[in-house]
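Here is what each chain is made of, one letter per residue.
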Amino acid sequence: MSEVKLTAQTRTEFGKGAARRIRRDAKVPGVLYGHGSDPIHLTLPGHDLLLALRTPNVLISLDIDGKTNELAIPKSVQRDPIKGFLEHVDLLLVKRGEKVTVEIPVHTEGELAAGGNLLEHVLNALPVEAEATHIPEAVTVSVEGLEAGASVLAKDITLPSGVTLAVEEDAVVLQVLAAQAEEAPEGESAGEEAAEA
């Protein structure tokens, strides 16, 4: 996992007016907290932060006021519901070698068995515990040939070395459902046979 370096400044102004001024300057207000330390209120570069957040659970190396360097992962991101720009970000302070619990996206590959089956993502993201500097970007699960009624449990997913589940092993992650449209033709054919008799 790569680190993204961002330069941040501490901020002393708070409230909606201050946040609007920060955003007008193409920056994003944020808070860095964790490890029992006092929260640090920051101003972050908007465009660079937006690019960094494209990677789930990105590891951010913060240069704060040119004095301190801290590692953090995004904990909460608030976006404008209409325009989508970043309004605020909460960052969790982490240390190298420390284990953190995060959710990683579940990707699928392969084709389901023939017959119009549907794949349901019961969990879109898998809760795992991993070292802060080695968080996987995603896990990929093969659904090749799975038939209706089949399911993939958390324990069935191969995780990278050093990563452990942070959810029950028997939690259903994916399941294959039979397509509902198939039932209608069967019912019609049964009705036709009854009419013929």
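Use the structure listed above.
Residues numbered from 1 in each chain as written. Predicted model: local features only at pLDDT ≥ 70, side-chain atom pairs only at ≥ 80, totals over all residues. Heavy atoms only, no water.

### Overview of the overall build of the protein chain
Stage number 1. Summing up its helical and strand segments, the protein chain has 3 helices and 13 strands in all.
Stage number 2. At 24 Å, the protein chain has a C-alpha radius of gyration far larger than the 16 Å of a compact globule built from 197 residues.
Stage number 3. With the C-alpha coordinates aligned to their principal axes, the bounding extent of the protein chain is approximately 85 × 40 × 25 Å.
Stage number 4. Each of the 197 residues in the protein chain was classed as buried or not, and the buried ones make up 35%.
Stage number 5. Long-range contacts, defined as pairs at least 24 residues apart, comprise 63% of the intrachain contacts of the protein chain with a sequence gap of at least 6.
Stage number 6. On the protein chain, roughly 11,500 Å² of surface is accessible, and the fraction owed to carbon and sulfur atoms is 49%.
Stage number 7. Here the protein chain carries 17 positive and 32 negative side-chain charges, and the mean point of each set is 22 Å from the other. (Helix = DSSP H or I, 4+ residues; strand = E, 2+ residues; numbered from the N terminus. Rg over C-alpha atoms; globule rule 2.2 N^0.38 Å. Buried < 20%, exposed > 50% of the residue type's maximum accessible area, 1.4 Å probe, protein only. Contact = heavy atoms within 4.5 Å. Areas by Shrake-Rupley, 256 points an atom, 1.4 Å probe, with all protein chains shown as cover. Lys, Arg positive; Asp, Glu negative; His and termini not counted. Charge placed at Lys NZ, Arg CZ, Asp CG, Glu CD.)

### Description of the sheet that holds strand S1 (residues 3-10)
Stage number 1. With respect to topology, 6 strands assemble into a closed barrel ordered S1-S3-S2-S6-S5-S4, the strand pairing being mixed. Across the sheet, the mean angle from the axis of one strand to that of its neighbour is 45 degrees, orientation sign disregarded.
Stage number 2. Where strand S2 (residues 27-34) meets strand S3 (residues 37-45), 7 bridges bridge the pair, whose relative direction is antiparallel. Looking at S3, one finds that Lys27 is bridged to Pro45.
Stage number 3. Against the sheet, helix H1 (residues 16-24) engages S2, S3 and strand S6 (86-94), with an angle of about 120 degrees to S2. (Pairing = 2+ DSSP bridges. Axes fitted to C-alpha atoms, helices over the stretch in contact; angles between N-to-C directions.)

### Some points on the nonpolar core
Stage number 1. Grouped together as the largest cluster of nonpolar side chains are 24 residues, with contacts concentrated most on Ile73 and Leu126.
Stage number 2. At the level of secondary structure, the elements contributing two or more residues to this core comprise strand S5 (68-79), S6, strand S7 (99-109), strand S9 (125-131), strand S10 (139-142) and strand S13 (172-177).
Stage number 3. No other element matches the 4 residues that S7 contributes to this core.
Stage number 4. Apart from the residues lying within four places of it in its own chain, the contact partners of Ile73 are Asn57, Val58, Leu59, Asp90, Leu91, Leu92, Val94, Val100, Val102 and Ile135. (Core = buried A, V, L, I, M, F, W, Y, C linked by side-chain atoms within 4.5 Å.)

### Brief notes about the pattern of salt bridges
Stage number 1. Throughout the structure, instances matching the rule amount to 2 salt bridges.
Stage number 2. For the salt bridge of Glu70 with Lys95, the shortest nitrogen-to-oxygen distance reads 4.0 Å. With a gap of 25 residues between them, Glu70 in strand S5 and Lys95 in the loop between S6 and S7 connect regions that are remote in the sequence.
Stage number 3. For Glu70, a relative accessible area of 21% gives the class partly exposed.
Stage number 4. Look at Lys95 and you get partly exposed, because its relative accessible area is 41%. (Salt bridge = Lys/Arg side-chain N within 4 Å of Asp/Glu carboxyl O.)

### With respect to the side chain of Ser61
Stage number 1. Position of Ser61 relative to the elements: it lies in strand S4 (residues 59-64).
Stage number 2. The class of Ser61 is buried, set by a relative accessible area of 12%.

### Describing the environment of Ile135
Stage number 1. As for its placement among the helices and strands, Ile135 is situated in the loop between S9 and S10.
Stage number 2. The spacing of Ile135 and Phe85 is 50 residues in sequence and 26 Å in space, taken between C-alpha atoms.

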